[in-house]
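Below, each chain spelled out in residue letters.
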There are 2 protein chains.
Amino acid sequence: MAGFKHLVIVKFKEDVVVEDILKGMQKLVSEIDAVKSFEWGQDIEGEEMLGQGFTHAFLMTFEDKQGYTAFVGHPCHVEFSTTFSTAIDKIVLLDFPSVVVKAAT
Amino acid sequence: MAGFKHLVIVKFKEDVVVEDILKGMQKLVSEIDAVKSFEWGQDIEGEEMLGQGFTHAFLMTFEDKQGYTAFVGHPCHVEFSTTFSTAIDKIVLLDFPSVVVKAAT
């Protein structure tokens with residue numbers, strides 16, 4: 001789906017148990033209706049020069065920017081953000097209305 | 001859809017006409033069947049600290065890693081990559097099998 005996207009790419013700190021973070025995210029997206037879809041992945045290509053140390057991508061989709069704003073302000077997100085921020089070494093966030101050029105059939 | 005994802009986030013050089021790059025990408029994904037879906041967006045939040053200067057995200061989906069490998073080796077991609085690489089100031093690539101936690105309904 002198109003909609004409004006919240007893209008997070010990170011490098012976790014070395015001692016972080018990524019599974020625990022993922023469990024927290026799964027809970028988060030199940031609790032907040034505004035999150036219409038959520039998928040993630042761990043880079044397997046390991047092109048270190050072009051990955052710049054980032055290893056994981058998280059992509060959430062909202063119906064529109066209002067949905068995203070509701071998510072950001074939701075108490076569960078505020079609480080999770082505190083946990084998340086202590087786990088990361090590097091992060092890039094991009095938030096954008098998605099433009100679909102070729103749609104999945 | 002889940003599948004295998006190719007995520008590219010970039011900061012373009014200042015004199016680059018992004019529309020021209022986008023036209024090239026549209027042509028590329030229309031020419032290569034292995035690309036099952038393609039969407040992109042320009043960050044509108046402008047949280048400079050957390051965007052780290054990156055402004056655009058491009059996300060392609062393939063059926064599987066084989067589809068991605070076919071795309072990378074396709075002559076049209078090889079040609080486009082040369083153009084693309086001259087246009088960018090910064091780039092991060094992440095390639096991963098997508099794990100869908102919450103599916104769009």
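One can find the structure itself at the top, above this paragraph.
Here the structure is a predicted model, which means the values were calculated and not measured.

Analysis parameters
- Residues numbered from 1 in each chain as written.
- Chains lettered and ligands numbered in written order.
- Predicted model: local features only at pLDDT ≥ 70, side-chain atom pairs only at ≥ 80, totals over all residues.
- Heavy atoms only, no water.
- Helix = DSSP H or I, 4+ residues; strand = E, 2+ residues; numbered from the N terminus.
- Rg over C-alpha atoms; globule rule 2.2 N^0.38 Å.
- Buried < 20%, exposed > 50% of the residue type's maximum accessible area, 1.4 Å probe, protein only.
- Lys, Arg positive; Asp, Glu negative; His and termini not counted.
- Salt bridge = Lys/Arg side-chain N within 4 Å of Asp/Glu carboxyl O.
- Polar contact = N/O pair within 3.5 Å; in protein donor to acceptor, adjacent residues only side chain to side chain.
- Axes fitted to C-alpha atoms, helices over the stretch in contact; angles between N-to-C directions.
- Parallel < 35°, antiparallel > 145°, perpendicular 65-115°, else oblique.
- Left-handed = near helix turned anticlockwise from the far one by under 90°.
- Contact = heavy atoms within 4.5 Å.
- Core = buried A, V, L, I, M, F, W, Y, C linked by side-chain atoms within 4.5 Å.
- Pairing = 2+ DSSP bridges.
- Phe/Tyr/Trp six-rings, centres within 6.5 Å; stacked < 30°, edge-to-face > 60°.
- Lys NZ or Arg CZ within 6 Å of the ring centre and 35° of its normal.
- Nonpolar A, V, L, I, M, F, W, Y, C, P; charged D, E, K, R; others polar.

A. Structural view of the overall build of chain A. A tally of regular secondary structure across chain A gives four helices and five strands. In sequence order, the secondary structure elements of chain A are arranged as β-α-β-α-β-α-α-β-β. In terms of overall size, chain A behaves like a compact globule, its C-alpha atoms giving a radius of gyration of 14 Å where 105 residues would be expected to give roughly 13 Å. Each of the three principal axes of chain A carries a C-alpha extent, and together these read 35 × 35 × 20 Å.

B. Fine view of the side chain of D43 of chain B. Secondary-structure assignment places D43 of chain B in the loop between β2 (37-42) and α2 (48-51). The side chain of D43 of chain B is buried and forms no salt bridge, while K65 of chain A, the nearest opposite charge, is found at 9.6 Å. A polar atom in the side chain of D43 of chain B sits 2.7 Å from the backbone nitrogen of D95 of chain A.

C. Layout of the packing of helix α1 (residues 18-31) of chain A against helix α4 (residues 75-87) of chain A. Residues and elements named next belong to chain A. Following both chains from N to C, one finds α1 and α4 inclined at 160 degrees, their axes separated by 11 Å at the closest point. Judged by the angle between their axes, α1 and α4 are roughly antiparallel. In this structure, the crossing between α1 and α4 has a hand that is left-handed. Note on element contacts: α4 touches α1 through C76, H77, F80, F84 and A87, opposite I21, G24, M25, L28 and E31.

D. Representation of the nonpolar core in the model. Counting 27 residues, the largest nonpolar core has F12, F58 and F84 of chain B as its most contacted members. Those elements giving two or more residues to this core turn out to be β1 (4-12), α1 (18-31), β2, β3 (56-62), α3 (65-73), α4 (75-87) and β4 (88-97) of chain B. The greatest single-element share of this core, amounting to six residues, is contributed by α1 of chain B. Residues contacting F58 of chain B, with those up to four places away along its chain left out, are H6, L7, V8, V10, F12, L22, M25, F38, E39, W40 and F84 of chain B. In this structure, F4, I21, A34 and F38 of chain A belong to the second largest nonpolar core, which totals 26 residues.

E. Layout of the pairing of β3 of chain B. Residue and element names in this part refer to chain B. Counting buried positions along β3 yields seven of seven residues, so the element is predominantly enclosed. Burial along β3 is two-sided: H56, F58, M60 and F62 facing one way and A57, L59 and T61 facing the other are all buried. Note: β1 against β3, seven bridges, orientation antiparallel. Following the sheet pairing, K5 is matched in β3 by T61. The pairing of β2 with β3 spans six bridges and is classified as antiparallel. Bridged to W40 within β3 is F58.

F. Inspection of the sheet that holds β1 of chain B at higher detail. Read from one edge to the other, the open sheet built from five strands follows the order β5(A)-β2(B)-β3(B)-β1(B)-β4(B), with strand pairing classed as antiparallel. A strand with exactly one partner marks an edge of an open sheet, and here the two such strands are β5 (99-102) of chain A together with β4 of chain B. Neighbouring strand axes in the sheet, compared pairwise and without regard to direction, differ in orientation by 15 degrees on average. Two strands pair when backbone bridges link them, and β1 of chain B and β4 of chain B are joined in this way by nine bridges, in the antiparallel orientation. Following the sheet pairing, L7 of chain B is matched in β4 of chain B by L94 of chain B.

G. Region of interest: the packing of aromatic side chains. Applying the stated criterion to the full structure yields 18 aromatic pairs over all chains. Put simply, the rings of F12, F38, W40, F58, F80 and F84 of chain A pair up and form one aromatic cluster. In this arrangement the basic side chain of K90 of chain B is found over the ring face of F54 of chain B, its NZ or CZ atom lying 4.5 Å from the centre.

H. A look at the interface of chain B and chain A. Contact residues are listed per partner, giving 47 residues for chain B and 47 residues for chain A. Counting across the chain B and chain A interface gives two salt bridges. E39 of chain A is the partner of K5 of chain B in a salt bridge, and the nearest nitrogen-oxygen pair spans 3.6 Å. The greatest single-element share of the side of chain B that touches chain A, amounting to seven residues, is contributed by β4 of chain B. In terms of residue class, the side of chain B that touches chain A is built from 27 nonpolar, 10 polar and 10 charged. The sheet contact formed by β5 of chain A and β2 of chain B spans three bridges and is antiparallel. Note that in β2 of chain B the partner of V99 of chain A across the bridge is W40 of chain B.

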